[in-house]
Amino acid sequence: MSPDDLSTLQPATLVVSGGRPDPTPGAPVAPPIVLTSTYAAGGDLIYARGGNPSWEPFEEILGALEGGSALLFSSGMAAIHAALRLVPVGSTIVAPAGPYNGVHQVLTLAHERGEFVVRWVDSSDTEATIAALDGADLLWIESPINPLLTLTDIAAVTAAAHERGAIVVCDNTFATPLNQRPLTDGVDVVVHSVTKYLSGHSDLILGACVTAATERGVAAHASLAETRHLEGAIPGAVEAWLAARGVRTLSVRMERATRNAAILAARLARHPQVAQIRYPGFGAMLAIEVAGDADAAQRACAATRLVSHSTSLGGVESQWERRRRHPNEPETTPPNLIRMSVGIEDIEDLWADVSAALDQAADA
Ligand SMILES: *Cc1c(COP(=O)(O)O)cnc(C)c1O
């Protein structure tokens, strides 16, 4: 199906119908995995660091979901690095305080080494963000932010950044394009950890950049493709195939996970062992501040039978962890905060497991 045809479809349909070979009598309906390092001379494909047909089904689906043009990378961090390369060394970057900890570390190191000047802002404060944009070259957005789940007024800060000539990148991993399409708010480049909801089964690491069909977006696309080709952070054919398989159920997975998350958020708000619950009202991520100290939160995490005590998010299975157990987590994250990725299990089984773990942590 052509990108124009796909873009007329609703997300639940396009994840199923996109990324398939053109119907040909007798040919496979599912895309193949192409395992090769090189191609016979004379065609468009030359060497497999430059391209592999196995990347295309997922790129076609994600591009249509976000309303742009997608490039798969070997990981979310590889996609993020490529996006940071869109501005030259010495550039000023405005970034949200307390972002995904990989981004926090990369930008902190780049600032210390003098590669970039980084201005950290409270990204939920639109005025403060805009005030920091004078002289900036790149605005980094992450909304909802990991793990505090506060939101950014994407359209407002993007317009202000563009007025000042800055390029805008938005990490859309937590929201997914089902809840938020930053390119339609004017953002130039969306980045994803495909590892999370898009692939959805906690069985691979991949990332992606999606560029807008604007002058800035098209220029960014060429630069990102060049970075992928020359720095070599390309997706494996098998992972790309798994991601295309996983994304076909994105809509039904998100529907169930979101329903579960909303019910859990409401019940947890009344649980005596919960001091504060954060839920942005969409998506399936929760931030639970446990009554008591970090040890109480740590005990709760270790006490579940169903909910996996592990890092990461966006799989079919529920997962949780105390974020500050990672030494590199920004200090903006409270020590007693548990980040929970709500999965697609039965809600009553989940509630029984989570409430019992919180009770048990209190009794200790
Ligand atoms: C996991 C994550 C990343 C990094 O992606 P990887 O696939 O682990 O490299 C970036 N941003 C957010 C919001 C994430 O959750």
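About the thresholds
Residues numbered from 1 in each chain as written. Predicted model: local features only at pLDDT ≥ 70, side-chain atom pairs only at ≥ 80, totals over all residues. Heavy atoms only, no water. Axes fitted to C-alpha atoms, helices over the stretch in contact; angles between N-to-C directions. Helix = DSSP H or I, 4+ residues; strand = E, 2+ residues; numbered from the N terminus. Left-handed = near helix turned anticlockwise from the far one by under 90°. Contact = heavy atoms within 4.5 Å. Nonpolar A, V, L, I, M, F, W, Y, C, P; charged D, E, K, R; others polar. Core = buried A, V, L, I, M, F, W, Y, C linked by side-chain atoms within 4.5 Å. Buried < 20%, exposed > 50% of the residue type's maximum accessible area, 1.4 Å probe, protein only. Domains from an automatic or database assignment. Near = heavy atom within 4 Å. Polar contact = N/O pair within 3.5 Å; in protein donor to acceptor, adjacent residues only side chain to side chain. Areas by Shrake-Rupley, 256 points an atom, 1.4 Å probe, with all protein chains shown as cover. Pairing = 2+ DSSP bridges. Right-handed = clockwise from strand over helix to strand, strands pointing away. Parallel < 35°, antiparallel > 145°, perpendicular 65-115°, else oblique. UniProt positions renumbered as here; feature names shortened; annotations may be inferred. Salt bridge = Lys/Arg side-chain N within 4 Å of Asp/Glu carboxyl O.

1. Comments concerning the packing of helix α10 (residues 250-268) against helix α12 (residues 347-363)
Point 1. Viewed as axis vectors pointing N to C, α10 and α12 meet at an angle of 35 degrees, and their least axial separation amounts to 11 Å. As for the relative orientation of α10 and α12, their crossing is right-handed in sense. On α12, the residues touching Asn260, Ile263, Leu264, Arg267 and Leu268 of α10 are Ile347, Glu348, Leu350, Trp351, Val354 and Leu358.
Point 2. Grouping the constituent residues of the contact of α10 with α12 by class yields eight nonpolar, one polar and two charged.

2. A short note on the nonpolar core
Point 1. Counting residues in hydrophobic clusters, the biggest one holds 77 residues, and the most contacted among them are Phe58, Leu264, Leu268, Leu286, Trp320 and Met340.
Point 2. Residue contributions to this core reach at least three from each of two domains, namely domain 1 (10-90 + 137-142 + 167-247) and domain 2 (250-363).
Point 3. Leaving out residues up to four positions away in the same chain, Phe58 has contacts with Leu72, Val194, Leu198, Ala240, Ala243, Ala244 and Val247.

3. Quick notes on the site of the ligand
Point 1. Taken together, the neighbourhood of the ligand is formed by 15 residues, with Met77, Asp171, Ser193, Thr195 and Lys196 sitting nearest.
Point 2. Within the backbone of Met77, a nitrogen or oxygen atom sits 2.9 Å from an oxygen atom of the ligand.
Point 3. Within the side chain of Ser193, a nitrogen or oxygen atom sits 2.8 Å from an oxygen atom of the ligand.
Point 4. For the ligand, whose unbound accessible area comes to 390 Å², protein coverage reaches 93%.
Point 5. Among the elements that take part in the shell around the ligand, helix α4 (residues 76-84) stands out by supplying three residues, more than any other.

4. Comments concerning the side chain of Asp188
Point 1. Inspection of the secondary structure assignment puts Asp188 in the loop between β5 (167-171) and β6 (189-193).
Point 2. Judged by relative accessible area, which is 1%, Asp188 ranks as buried.
Point 3. With near-sequence residues (within four places) excluded, Asp188 lies in contact with His162, Ala166, Ile167, Val168, Leu183, Val210, Thr211, Ala212, Arg216 and Gly217.

5. Section: the side chain of Ser318
Point 1. Following the sequence through the fold, Ser318 ends up in the loop between β10 (308-309) and β11 (319-322).
Point 2. A polar atom in the side chain of Ser318 sits 2.7 Å from the backbone nitrogen of Gly343.

6. What to know about the pairing of strand β2 (residues 92-96)
Point 1. Of all the five residues making up β2, five are buried; the element is thus mostly covered by neighbouring parts of the structure.
Point 2. Of the two faces of β2, the one lined by Thr92, Val94 and Pro96 and the one lined by Ile93 and Ala95 are each fully buried.
Point 3. Where β2 meets strand β3 (residues 117-121), five bridges bridge the pair, whose relative direction is parallel. By the bridge assignment for β3, Ala95 is matched with Trp120.
Point 4. Crossover handedness for the path β2 to helix α5 (residues 101-112) to β3: right-handed.
Point 5. Where β2 meets strand β4 (residues 138-142), two bridges bridge the pair, whose relative direction is parallel. Paired with Val94 across the strands is Leu139, a residue of β4.

7. Some thoughts on the packing of helix α3 (residues 56-66) against helix α9 (residues 237-247)
Point 1. With their axes 8 Å apart at the nearest point, α3 and α9 run at an angle of 45 degrees to one another. In this view, α3 runs oblique relative to α9, as classed from their interaxial angle. As for the relative orientation of α3 and α9, their crossing is left-handed in sense. Across from Pro57, Phe58, Ile61 and Leu65 in α3, the residues of α9 making contact are Ala240, Ala243, Ala244 and Val247.
Point 2. Looking at the contact of α3 with α9 residue by residue, the classes come out as eight nonpolar, no polar and no charged.

8. A closer look at the UniProt feature "modified residue: N6-(pyridoxal phosphate)lysine" (unreviewed entry) in the chain
Point 1. Taken from the UniProt record, the annotation "modified residue: N6-(pyridoxal phosphate)lysine" (unreviewed entry) applies to Lys196.
Point 2. Within the secondary structure, Lys196 sits in the loop between β6 and β7 (207-211).
Point 3. With sequence-adjacent residues up to four places away left out, Lys196 is seen in contact with Thr173, Ser312, Leu313 and Gly314.

9. Describing the domain arrangement of the chain
Point 1. Taken domain by domain, the chain holds domain 1 (10-90 + 137-142 + 167-247) and domain 2 (250-363).
Point 2. Between domain 1 and domain 2, the C-alpha centre-to-centre distance is 30 Å.
Point 3. Between domain 1 and domain 2, the contact holds 18 residues from the first and 17 residues from the second.
Point 4. At the junction of domain 1 with domain 2, the criterion picks out zero salt bridges.
Point 5. Looking at the side of domain 1 that touches domain 2 residue by residue, the classes come out as eight nonpolar, nine polar and one charged.

10. Some thoughts on the pattern of salt bridges
Point 1. Inspection of the entire model under this criterion finds 12 salt bridges.
Point 2. Here Glu59 ties to Arg228 by a salt bridge, and the two come within 2.9 Å at their closest N and O atoms. Taken together, the residues Glu59 in helix α3 and Arg228 in helix α8 (residues 215-231) connect sequence positions 169 residues apart.
Point 3. Across the pair Glu231 and Arg85 runs a salt bridge, and its minimum N-O distance is 2.6 Å. With a gap of 146 residues between them, Glu231 in helix α8 and Arg85 in the loop between α4 and β2 connect regions that are remote in the sequence.
Point 4. Its relative accessible area of 45% is what places Glu231 among the partly exposed residues.
Point 5. A residue is classified by how much of its surface remains accessible, and Arg85, at 51% relative accessible area, is exposed.

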